[in-house]
Amino acid sequence: MKFLHSMIRVKDIQKSLDFYQNVLGLKITDKKTLDDCELYFLAEYDGAPEIELTNNFDTPKDGYQNGNCFGHFAFATDDMDNFSNHIKMLGYDFLYEPYELTLKADDGTVKTKKIAFIKDPDGNEIEIIQK
């Protein structure tokens, strides 16, 4: 079994494409037009798990409601400071500024990661984790 993609509906496809391509660096790997919508598949590279942005032709005026079941997508960055500068240059702000998260494993080992959160144009949370 292989994980292929996760789909989200978007209100403004151009804003969403701009965010996922320019902020997160994803590339369009495929596009399909159906009778009632357009589907845009984005990934880091061909063959990687994708995010499918669905642009319904009859999108509700106020967009879609985010449910309380979905939490967030997570992406890795090599350098949180560079990523911070990048999003600020593009006019985006953090939902939660970068901070250190300390995790203790069952075997007693402790790891610290720097993480932050941003939101896409539809309000979906994106966790950024420094490798």
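Residues numbered from 1 in each chain as written. Predicted model: local features only at pLDDT ≥ 70, side-chain atom pairs only at ≥ 80, totals over all residues. Heavy atoms only, no water.

### Examining the nonpolar core
Core analysis: the largest hydrophobic core is formed by 24 residues, its most contacted members being Tyr20, Leu24, Leu53, Ile118 and Ile126. Of all elements in the fold, only helix 1 (13-23), strand 3 (37-43), strand 4 (50-56), strand 5 (73-77), helix 2 (80-89), strand 7 (110-119) and strand 8 (125-130) reach the threshold of two or more residues within this core. Broken down by element, the residue count for this core peaks at five residues, all from helix 1. Excluding anything up to four places from it in sequence, Leu53 contacts Ile8, Val10, Ile13, Ser16, Leu17, Tyr20, Glu38, Leu39, Tyr40 and Leu42. (Core = buried A, V, L, I, M, F, W, Y, C linked by side-chain atoms within 4.5 Å. Buried < 20%, exposed > 50% of the residue type's maximum accessible area, 1.4 Å probe, protein only. Helix = DSSP H or I, 4+ residues; strand = E, 2+ residues; numbered from the N terminus. Contact = heavy atoms within 4.5 Å.)

### A look at the sheet that holds strand 3
Pairing between the strands of a sheet comes from backbone hydrogen bonds, and it takes one of two forms, parallel or antiparallel. Spatial strand order, 1-4-3-2: four strands in an open sheet with mixed pairing. Looking at strand neighbours, the two that pair on one side only are strand 1 (5-9) and strand 2 (27-33), the edges of this open sheet. The average angle at which neighbouring strand axes cross in this sheet is 20°, direction not considered. Alignment of strand 1 against strand 4, held across five bridges, turns out to be parallel. Following the sheet pairing, His5 is matched in strand 4 by Glu50. Of the strands in this sheet, strand 1, strand 2, strand 3 and strand 4 touch helix 1, which is tilted by about 165° from strand 4. (Pairing = 2+ DSSP bridges. Axes fitted to C-alpha atoms, helices over the stretch in contact; angles between N-to-C directions.)

### Section: the sheet that holds strand 5
Read across the sheet, four strands follow the order 5-8-7-6 without closing on themselves; strand pairing throughout is mixed. With partners counted over all chains shown, the strands left at the sheet margins are strand 5 and strand 6 (96-104), one partner each. Strand-to-strand, the axes of this sheet are offset by a mean angle of 30°, without reference to chain direction. Across five bridges, the pairing between strand 5 and strand 8 is parallel. Bridged to Phe73 within strand 8 is Ile126. In the packing of helix 1 onto the sheet, contacts are made with strand 5, strand 7 and strand 8, and the angle to strand 7 comes to roughly 150°. Along the sheet face, helix 2 touches strand 5, strand 6, strand 7 and strand 8 and points at about 5° away from the line of strand 7.

### Things to note about a nonpolar patch on the surface
Taken together, the side chains of Leu95, Tyr96 and Tyr99 make up a nonpolar region of the molecular surface, amounting to roughly 280 Å² of accessible area. You can see Tyr99 is positioned in strand 6. For Tyr99, a relative accessible area of 35% gives the class partly exposed. (Patch = residues over 30% accessible without salt bridge, like charges linked within 9 Å, V, L, I, M, F, W, Y side chains within 5 Å. Areas by Shrake-Rupley, 256 points an atom, 1.4 Å probe, with all protein chains shown as cover. Salt bridge = Lys/Arg side-chain N within 4 Å of Asp/Glu carboxyl O.)

### A closer look at the pattern of salt bridges
One pass over the structure, following the stated rule, counts three salt bridges. Note that Lys32 is salt-bridged to Asp30, the shortest N-O span being 2.8 Å. Using a relative accessible area of 38% as the deciding quantity, one classes Lys32 as partly exposed. One salt bridge connects Lys31 with Glu38, and the closest N-O pair in it is separated by 3.7 Å.

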